[in-house]
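An overview of the molecular structure
Each chain is listed here by its residues.
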Amino acid sequence: MYIDKYNVEVIGQKYNQKKEKYDNNLTKLTLNSTEGMHHKKFIPMLEELMEANDGCDLELNIKIRQHQYED
């Protein structure tokens, strides 16, 4: 299976020294491409991002477009 384009966001928290507390729900990383890749390379990359960022929730929005044949 080939993934034609993807967009990955890592949402997390960052310590704010001025407020002396954590700011929540910040976009820490955005990774996207219209070049695409094979799913066998995409899944390990996604697993590494989850592990590196201490991910606990994964949300997927998938759109599958059916091939449209000419009449």
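Now for a quick tour of the structure. (Residues numbered from 1 in each chain as written. Predicted model: local features only at pLDDT ≥ 70, side-chain atom pairs only at ≥ 80, totals over all residues. Heavy atoms only, no water.)

1. Here we look at the overall build of the protein
We apply this condition: Secondary structure elements follow DSSP: runs of H or I of four or more residues count as helices, runs of E of two or more count as strands, with numbering from the N terminus. Here the radius of gyration uses the C-alpha set of atoms, whereas the globule reference equals 2.2 Å times the residue count to the power 0.38. Throughout, exposure labels follow a simple rule: accessible area from a 1.4 Å probe, protein chains only, divided by the maximum for the residue type, with under 20% read as buried, over 50% as exposed, and the rest as partly exposed. Residues count as neighbours in contact if any of their non-hydrogen atoms are within 4.5 Å of one another. A 1.4 Å probe and the Shrake-Rupley method give the accessible areas. Residues count as covered only by the protein chains that appear here. In this tally, Asp and Glu contribute negative charge and Lys and Arg positive charge; neither His nor the terminal groups of the chain are included. In plain terms, the charge of a residue is placed at NZ if it is Lys, CZ if Arg, CG if Asp and CD if Glu.
Looking only at helices and strands, one finds 1 helix and 4 strands in the protein. For 71 residues, the compact-globule estimate of 2.2 N^0.38 gives 11 Å, and the C-alpha radius of gyration of the protein, at 17 Å, exceeds that figure by more than 25%. Referenced to the eigenvectors of the C-alpha coordinate spread, the extents of the protein come out at roughly 65 × 25 × 20 Å. Relative to its 71 residues, the protein shows a buried fraction of 15%. If you take every contact in the protein between residues at least 6 apart in sequence, the share linking residues at least 24 apart comes to 44%. Split by element, the accessible area of the protein, about 7200 Å² in all, is 46% carbon and sulfur. A distance of 6 Å separates the average location of the 10 positive side-chain charges in the protein from that of its 13 negative side-chain charges.

2. Details of the pairing of strand E2 (residues 6-16)
In plain terms, the rule: Strand pairing requires that DSSP identify at least two bridges connecting the strands.
As paired strands, E2 and strand E3 (residues 21-33) are joined by 10 bridges and run antiparallel to one another. The residue of E3 that forms the bridge with Tyr6 is Ser33. Where E2 hands over to E3, the hairpin turn is made up of 4 residues, of which Glu20 adopts a positive phi near 55°.

3. Thoughts on the nonpolar core
Note the cut-off: The definition of a nonpolar core used throughout is a set of buried Ala, Val, Leu, Ile, Met, Phe, Trp, Tyr and Cys residues joined through side-chain atoms within 4.5 Å.
Counting 7 residues, the largest nonpolar core consists of Ile3, Tyr6, Val8, Met37, Phe42, Leu46 and Leu49. Contributions of two or more residues to this core are made by E2 and helix H1 (39-52). The biggest single contributor to this core is H1, with 3 residues. With sequence-adjacent residues up to four places away left out, Tyr6 is seen in contact with Leu31, Asn32, Ser33, Gly36, Met37, Phe42 and Met45.

4. Examining the environment of Asp23
Applied cut-off: For this analysis, a polar contact is any N or O atom pair within 3.5 Å, provided that within protein one partner can donate a hydrogen and the other can accept it, and provided that sequence-adjacent residues contribute only side-chain to side-chain pairs.
If you trace the backbone, Asp23 turns up in strand E3. C-alpha of Asp23 to C-alpha of Glu59: the two residues are 36 residues apart in sequence and 21 Å apart in space. Not counting the four nearest positions on each side in its chain, Asp23 is found in contact with Gly12, Gln13, Lys14 and Asn16. Within polar-contact distance, the side chain of Asp23 engages the side chain of Asn16 at 3.0 Å.

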